[in-house]
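# An overview of the molecular structure
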Amino acid sequence: MHFTKMHGAGNDYIYINCMKEKVDNPSELSIRLSHRHFGIGSDGIILIKSSDKADFMMDIYNADGSRAKMCGNGIRCVAKYVYDHGLTDKEVIDIDTLSGVKTIALIREGNTVTGARVDMGEPVLEAAKIPVKADKSPVVDVPVSFGSGFSQMRMTCVSMGNPHAVFFAEDVDNLELAKIGPDIEKNDIFPEGVNAEFIELTDREHIKMRVWERGSGETMACGTGACASVVAASLNGFTERKAEVALLGGKLTIEWEEKDNHVYMTGPAVTVFEGEV
């Protein structure tokens, strides 16, 4: 089976063209291939399929074998993949996901696709639709306590196709994310689990972010998380509606447009290597 390893700001996946390859058990395959020591190493696998709703379909499995609905970094790489491999000559591509169809505009330098701008759609703020169990909706600047000795945290919840809980901190570099992340991800208030973002404010147009992703643990970047974080920062009055997000693996530019209420994400898409397994 042929695969392509790609990453968007360090958020790395193994991409498989399922219009040519057959994957019988994607959950099991993702667990095996994603292992950093005994596999190829990744945050999961992304299957590229045909679609009757869009140009292509993206199907995502996390490193633990669970299925994901959306990945902002992954969808940029899917758009690069289908263009680079001659599956389309379009520079604006519609890709179906479990969170609906997203539109991606390629960014090129000469004939090389280096990144993309993605219309991520409208942020979901209604608690029941995120979903998160809460006494009020939307869940903005709500005090919460979790295990592992972390308490008095203030949380803002947003869905960008995946559920996100955003927290603001003064020193994200020294957070014990491996300790607190699992407690938040699997807390009972999140019926479907959650991605947890920890944000350090630089100024009104720049933030720093670390993320604990549902099903994958800490990752170098999370596109939907970056979108959720800028929405949350704006809702709390900390930033403008457009900000640059610095992640462990690179930077993403996020803009929450007033005119259509859509969130737009711009960032890199990189091919690492190809191989057979």
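This section reports on the structure supplied with the text.

What counts and how
Counting of residues starts from 1 at the beginning of each chain's written sequence and follows it residue by residue. It should be noted that, the model being predicted, local features are given only for residues of pLDDT at least 70 and side-chain atom pairs only at 80 or more, the latter also being counted only at that level, while totals for whole chains, interfaces and linings use all residues. The side-chain figures draw on all heavy atoms in the structure; neither hydrogens nor water molecules are used. Each nonpolar core is a collection of buried residues, namely Ala, Val, Leu, Ile, Met, Phe, Trp, Tyr and Cys, held together in the definition by side-chain atoms within 4.5 Å. Type-normalised accessible area, obtained with a 1.4 Å probe on protein chains alone, sets the label of each residue: buried when under 20%, exposed when over 50%, and partly exposed for intermediate values. Here, residues are in contact when the closest pair of their heavy atoms is within 4.5 Å. The salt bridge definition used is simple: a Lys or Arg side-chain nitrogen within 4 Å of an Asp or Glu carboxyl oxygen. The numbering of helices and of strands both runs from the N terminus, where a helix is a DSSP run of H or I of at least 4 residues and a strand a run of E of at least 2. Each residue after the first adds 1.5 Å to the expected span of a helix. Between the rings of Phe, Tyr and Trp (Trp by its six-membered ring), a pair exists once the centres lie within 6.5 Å; its type follows the angle of the planes, with under 30 degrees stacked, over 60 edge-to-face, and the other angles tilted. Two conditions define a charge located above a ring, namely a distance within 6 Å from the ring centre to NZ of Lys or CZ of Arg, and an angle within 35 degrees of the ring normal.

Among the nonpolar cores identified, the biggest contains 51 residues, and Tyr15 and Ile254 are the most heavily contacted of them. Ile254 has contacts with Ala226, Cys227, Val230, Arg241, Lys242, Ala243, Val245, Val263, Tyr264 and Met265, leaving out every residue within four places of it along the chain. Membership of the second largest hydrophobic core comes to 22 residues, among which are Val132, Phe146, Cys157 and Ala165.

Looking now at the pattern of salt bridges. Summed over the entire model, instances satisfying the criterion amount to 16 salt bridges. We note a salt bridge from Lys80 to Asp84, for which the minimum N-O separation is 2.8 Å. Here the residue Lys80 and the residue Asp84 both occupy positions in helix H2 (residues 72-84), the gap between them amounting to four residues, near one helical turn. Given the relative accessible area of 6%, Lys80 is considered buried. For Arg117, the salt bridge goes to Glu255, with nearest N and O atoms at 3.8 Å. Placement of the pair is Arg117 in strand S8 (residues 112-119) and Glu255 in strand S16 (residues 250-256), with a sequence separation of 138 residues.

Turning our attention to unusual backbone geometry. Cis peptide bonds are those with omega within 30 degrees of zero, and the linkage from Ile130 to Pro131 qualifies with -5°. Positionally, Pro131 belongs in the loop between S8 and strand S9 (142-144). For the bond from Ser137 to Pro138, the omega torsion is 5°, close enough to zero to count as cis. As for its position among the elements, Pro138 is in the loop between S8 and S9. Even without glycine at this site, Asp141 takes up a positive phi of about 55°. As for its position among the elements, Asp141 is in the loop between S8 and S9. Located in the positive-phi region is Asn261, a residue other than glycine, with phi close to 65°. Structurally, Asn261 is set in the loop between S16 and strand S17 (263-268). By relative accessible area, which is 25% here, Asn261 ends up partly exposed.

The topology assignment puts Val124 in the loop between S8 and S9. For Val124 and Gly225, which are 101 residues apart along the polypeptide, the C-alpha to C-alpha distance reads 13 Å. If we ignore the near neighbours within four places in the chain, the residues touching Val124 are Lys129, Ile130, Val158 and Ser159.

What follows deals with H2. For H2, built from 13 residues, the straight-helix expectation of 18 Å at 1.5 Å per residue is met to within 8% by its first-to-last C-alpha distance of 19 Å. Along H2, twelve of the 13 residues are buried, which leaves the element largely enclosed by surrounding structure. A positive backbone phi angle near 70° is found at Gly86, which sits one or two residues after H2.

On inspection of all chains with the given rule, the structure shows five aromatic pairs. With centroids separated by 6.0 Å and ring planes inclined at 85°, the aromatic side chains of Phe146 and Phe167 adopt a geometry described as edge-to-face. With a gap of 21 residues between them, Phe146 in the loop between S9 and strand S10 (153-159) and Phe167 in strand S11 (residues 163-168) connect regions that are remote in the sequence. The same class applies to Phe146 and to Phe167, which are both buried. For the pair Phe168 and Phe238, a centre-to-centre distance of 4.9 Å together with 75° between the ring planes defines the contact as edge-to-face. In this pair, Phe168 sits in strand S11 while Phe238 sits in the loop between helix H4 (223-235) and strand S15 (242-247), placing the two residues 70 residues apart along the sequence. Seen from the ring of Trp256, Arg241 lies directly overhead, with NZ or CZ sitting 4.0 Å from the centre.

It is worth stressing that arrangement in space is one thing and function is another; only the former is reported here.
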